[in-house]
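The residues making up each chain are set out below.
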Amino acid sequence: MDNCIFCKIVSGELPGYKIYEDEYTFAFLDIAKDIDGHTLVVPKKHCRNVLDADDETLAHVAKTIKTVANHYMSLGYDGINILNANEACAQQTVFHLHFHIIPRKNDDGVSAWPKLECATADLEEMWNKLKMI
Ligand code: 5GP
Ligand code: ZN
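Residues numbered from 1 in each chain as written. Chains lettered and ligands numbered in written order. Predicted model: local features only at pLDDT ≥ 70, side-chain atom pairs only at ≥ 80, totals over all residues. Heavy atoms only, no water.

The coordination sphere of the zinc ion (ligand 2), as far as protein atoms go, consists of Cys4 (SG), Cys7 (SG), His46 (ND1) and His96 (ND1), spread over 2.0 to 2.3 Å. Relative to the metal, the four donor atoms surrounding the zinc ion (ligand 2) lie at angles of 104 to 116 degrees, and the coordination shape comes out tetrahedral. Judged by relative accessible area, His46 falls into the partly exposed class, the value being 25%. (Donors = N, O, S within 2.8 Å, 3.2 Å for Na, K, Ca; no water. Tetrahedral: all angles 85-135°; square planar, octahedral: opposite > 155°, others 65-115°. Buried < 20%, exposed > 50% of the residue type's maximum accessible area, 1.4 Å probe, protein only.)

This is the structure:
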């Protein structure tokens, strides 16, 4: 897709520190330099986010997330955070589907999981609103 940074990294038009690639997916280091090893996994086929991805693409991305995460574990990391944002209100800033992989070490002091303290509704109220069956 024109003007998509991640499509350009996948195609090689823009540089990227490639970690892994297969027929359907691509993994590369995030430019943020916020946490060592911060990696992005994307599908080669452009889609906006999880909400708009076809099931097959999502399955390919999930497989690559697992492959890369297990590779990092084999290098000596102790755990992995996998993060994903969908749409601007959820803090998505690049609108090509991607998952963040954050390799973790015991006692690394990183807080990669936000402490959420905004709930106002009770559980039954939310259950009645959200349930699908
Ligand atoms: P989001 O907020 O959409 O979940 O995450 C987008 C991520 O893309 C951010 O972590 C940001 O650092 C990363 N990013 C933005 N532009 C580039 C780029 O040109 N190259 C790489 N490697 N990462 C980028
Ligand atoms: Zn794209």
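In this structure the tally under the stated criterion is six salt bridges. Here the salt bridges do not stand alone but share partners, grouping Lys18, Glu21 and Lys44 into one network. (Salt bridge = Lys/Arg side-chain N within 4 Å of Asp/Glu carboxyl O.)

With respect to spatial proximity, 16 residues lie near ligand 1, and among them Leu29, Asp30, Thr93, His98 and His100 are the closest. Leu29 places a polar main-chain atom, nitrogen or oxygen, 2.9 Å from a nitrogen atom of ligand 1. Within the contact set of ligand 1, an oxygen atom lies 2.9 Å away from a side-chain nitrogen or oxygen of His98. Surface burial for ligand 1 is 79%, taken as the share of its 520 Å² of free accessible area covered by protein chains. (Near = heavy atom within 4 Å. Polar contact = N/O pair within 3.5 Å; in protein donor to acceptor, adjacent residues only side chain to side chain. Areas by Shrake-Rupley, 256 points an atom, 1.4 Å probe, with all protein chains shown as cover.)

Right, let's get into helix α2 (residues 55-74). Taking 1.5 Å per residue, 20 residues should reach 28 Å; α2 reaches 29 Å between its end C-alpha atoms and fits that length. For α2, the complete set of buried residues consists of Thr57, Val61, Thr64, Ile65, Val68, Ala69 and Tyr72. Considered in projection along α2, the buried side chains sweep an arc of 130 degrees and stay on one side of the axis. Along α2, exposed side chains directed more than 90 degrees from the buried face belong to Asp55, Glu56, Lys63, Lys66 and Ser74. Elements that come into contact with the buried residues of α2 comprise β1 (18-21), β2 (25-29), β3 (39-43), β4 (79-83) and β5 (99-104). Count one or two residues on from α2 and you reach Gly76, which has phi positive near 115 degrees. (Helix = DSSP H or I, 4+ residues; strand = E, 2+ residues; numbered from the N terminus. Expected span 1.5 Å × (residues − 1). Arc of directions from axis to C-beta. Contact = heavy atoms within 4.5 Å.)

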